[in-house]
Amino acid sequence: MSNYREMVLEIINKEDYKPMTIDYFINAFDAHDSEDFKEVVKVMVALEEEGIIFRTKKDKYMKVAETNLVKGKLSMHKRGFGFLRVEDEDIDDIFIPPTGINGALDGDTVLVETFNESSGTNMEGNITSILTRGITKVVGEYVDNKSFGFVLPDSKTFKSDLFIPKGQNLGAINGHKVLVEITKYPEDENANPEGHVTQILGHKNDPGVDILSIIFNHGINIDFPQEVLDQAEGVPDTIQKDELQGRTDLRHENTITIDGADAKDLDDAIAVKKLKNGNYELTVSIADVSYYITEDSAMDKEAYDRATSVYLVDRVIPMIPHRLSNGICSLNPEVDRLTMSCRMEVNDEGHVVNHEVFQSVINSNRRMTYDAMNGMLEDED
């Protein structure tokens, strides 16, 4: 199959290129066959979504680089205006007045036509096209209206109520907090997005529903895919002798962890002793998670997507399954754990004068808490 993307880029990058309709490219590539035609259309749509080309009102394609259009992500304010967070870090945010939003929503990737004059400190502009939608799901309160319903979004930056057609509410009633998947975006600023309820979180006054609303509103995944859980089940609960080969054995050192009283995943541990030269030897060990989660595995990809564990007032949503985060990858007391360690020599002024990093195995002597440590340091308990 011909590489139509490269062929399109070759044409539009010519110095004498002038805006052309898609028919020009179809004829240039002799892509009249239905499959070839579809491929060319897909390429043009993809290049448009990437912000490389721009389709004019006359359906001609221009290079964005040769226009005054700027690509970025829209960040809406609750008062109705927004700012374009420009991809080019050398360009400051661009102010978008309410009249220039043109149907875009918070988080959308858009193209903005900039003005020569500005009433404030930021350059101003209008949104000319929406490249990709940033929000596909919304959390809010369901309001029933007999033959249809509306959802009032929790987010203050999502300005429009969502229209829910008849039969698409999953049985939600007034006051239910729901998760809505958007199925139709507004074509003009006076229209409402349309969607269907995919999950009922509970009544807005039920205990814990407020936390669930925050979780879903930020697109945080509570559950792990089955493939990830299956991989986690294959990880052993204890360390085998052959896994210690090539690691520095620190199990004889007095090692402790210090975390909050309710923490369950203990990531790091320390060991300190005074050296004969008057300096201190500080060894910091962290759980060697990479030993159990190999690159490009299902767990690795899921952890990459999550980026971090999320700590809420009543729960922790971990980056990796609990079986690992609270088990073999948690530096629990009186059990062997594989770690990565940094051993530092610190002088009496607190400067690190020497250090080394190595693979290790530890056995934590004590699970300490911040309160207990403060009691020892401040109250000399």
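What counts and how
Residues numbered from 1 in each chain as written. Predicted model: local features only at pLDDT ≥ 70, side-chain atom pairs only at ≥ 80, totals over all residues. Heavy atoms only, no water. Helix = DSSP H or I, 4+ residues; strand = E, 2+ residues; numbered from the N terminus. Rg over C-alpha atoms; globule rule 2.2 N^0.38 Å. Buried < 20%, exposed > 50% of the residue type's maximum accessible area, 1.4 Å probe, protein only. Contact = heavy atoms within 4.5 Å. Areas by Shrake-Rupley, 256 points an atom, 1.4 Å probe, with all protein chains shown as cover. Axes fitted to C-alpha atoms, helices over the stretch in contact; angles between N-to-C directions. Parallel < 35°, antiparallel > 145°, perpendicular 65-115°, else oblique. Left-handed = near helix turned anticlockwise from the far one by under 90°. Nonpolar A, V, L, I, M, F, W, Y, C, P; charged D, E, K, R; others polar. Pairing = 2+ DSSP bridges. 1 Å grid on protein atoms, 1.4 Å probe; cavity = no way out; pocket = protein on both sides within 12 Å on 5 of 7 lines; lining within 4 Å. Points joined across faces, edges and corners; volume = space filled by probe spheres on them. Polar contact = N/O pair within 3.5 Å; in protein donor to acceptor, adjacent residues only side chain to side chain.

A. Region of the structure containing the overall build of the chain. A count of helices and strands for the chain gives eight helices and 21 strands. For 381 residues, the compact-globule estimate of 2.2 N^0.38 gives 21 Å, and the chain exceeds it by more than 25% at 28 Å. When the backbone C-alpha atoms are referred to their principal axes, the chain occupies close to 80 × 60 × 50 Å. Taking all 381 residues of the chain together, the buried fraction comes to 39%. Within the chain, counting contacts between residues at least 6 apart in sequence, those at least 24 apart form 57% of the total. Roughly 22,600 Å² of accessible area belongs to the chain as shown, and the carbon and sulfur atoms make up 47% of that amount.

B. Representation of the environment of Leu250 within the structure. Inspection of the secondary structure puts Leu250 in the loop between β13 (248-249) and β14 (256-259). Along the primary structure Leu250 and Gly82 are separated by 168 residues, whereas in three dimensions their C-alpha atoms are 55 Å apart. Setting aside residues no more than four positions away along its own chain, Leu250 makes contact with Thr255, Thr283, Ser285, Ser341, Arg343, Phe358, Ser360, Val361 and Ile362.

C. Geometry of the packing of helix α5 (residues 226-233) against helix α6 (residues 298-306). Between α5 and α6, whose axes approach to 8 Å, the crossing angle comes to 125 degrees. Taken together, the axis directions place α5 and α6 in an arrangement best described as oblique. Crossing geometry of α5 relative to α6 is assigned as left-handed. Taking contact as the criterion, the partners of Glu227, Val228, Gln231 and Ala232 in α5 are, on α6, Ala298, Met299 and Glu302. For the contact of α5 with α6, the residue count by class is four nonpolar, one polar and two charged.

D. Structural view of the sheet that holds strand β5 (residues 94-96). Taken together, the five strands give an open sheet; going across it, the order is β5-β4-β3-β6-β7, and neighbouring strands pair in antiparallel fashion. Only two strands of the sheet have a single neighbouring strand rather than two, namely β5 and β7 (125-132). Ignoring which end each strand starts from, the neighbouring axes of this sheet average 40 degrees apart. Where strand β6 (residues 109-114) and β7 come together, six bridges link them in antiparallel fashion. Along β7, the bridge assignment pairs Leu111 with Ser129.

E. Quick look at the layout of surface pockets. Here the largest pocket defines a volume of roughly 430 Å³. Lining the largest pocket we find 15 residues, and of these Phe216, Asn217, His218, Gly219 and Ile220 sit closest to its centre. Grouping the amino acids of the lining of the largest pocket by side-chain chemistry returns seven nonpolar, six polar and two charged. Approximately 370 Å³ is the volume found for the second largest pocket. As for the second largest pocket, its lining consists of 16 residues, and the residues nearest its centre are Asp267, Val289, Ser309, Met319 and Ile320. Contributing elements (two or more residues each) for the lining of the second largest pocket: β16 (280-287) and α6.

F. Fine view of empty space enclosed by the protein. One pass over the structure, following the stated rule, counts one cavity of 30 Å³ or more. Its boundaries defined by the atoms lining it, the largest cavity holds a volume of some 30 Å³. Lining the largest cavity, in full, are Leu250, Glu253, Thr255, Ala269, Ile270, Ala271, Thr283, Ser285 and Ile362. Elements with a contribution of two residues or more to the lining of the largest cavity: β15 (268-274) and β16. It is β15 that contributes the most residues to the lining of the largest cavity, three residues altogether. Considered class by class, the residues forming the lining of the largest cavity number five nonpolar, three polar and one charged.

G. Molecular detail of the environment of Leu244. By the secondary structure assignment, Leu244 is in the loop between α5 and β13. Excluding anything up to four places from it in sequence, Leu244 contacts Ile239, Arg251, Leu338 and Val361.

H. Structural view of the side chain of Thr339. Structurally, Thr339 is set in strand β19 (residues 336-346). By relative accessible area, which is 0% here, Thr339 ends up buried. A polar side-chain atom of Thr339 sits 2.6 Å from a polar atom in the side chain of Ser360. Once you skip the residues sitting within four places of it in the chain, Thr339 turns out to touch Arg247, Ser285, Ile286, Ala287, Asp288, Leu331, Phe358, Gln359, Ser360, Val361 and Ile362.

I. Structural detail: the pairing of strand β9 (residues 149-153). Only one face of β9 is buried, namely the one carrying Gly149, Val151 and Pro153, since none of Phe150 and Leu152 on the opposite face is buried. Where strand β8 (residues 137-144) and β9 come together, five bridges link them in antiparallel fashion. Bridging from a neighbouring strand, Glu141 pairs with Leu152 of β9. Sheet topology note: the β9/strand β10 (residues 162-164) ladder contains three bridges and is antiparallel. Within β10, the position partnered with Phe150 by the bridge is Phe163.

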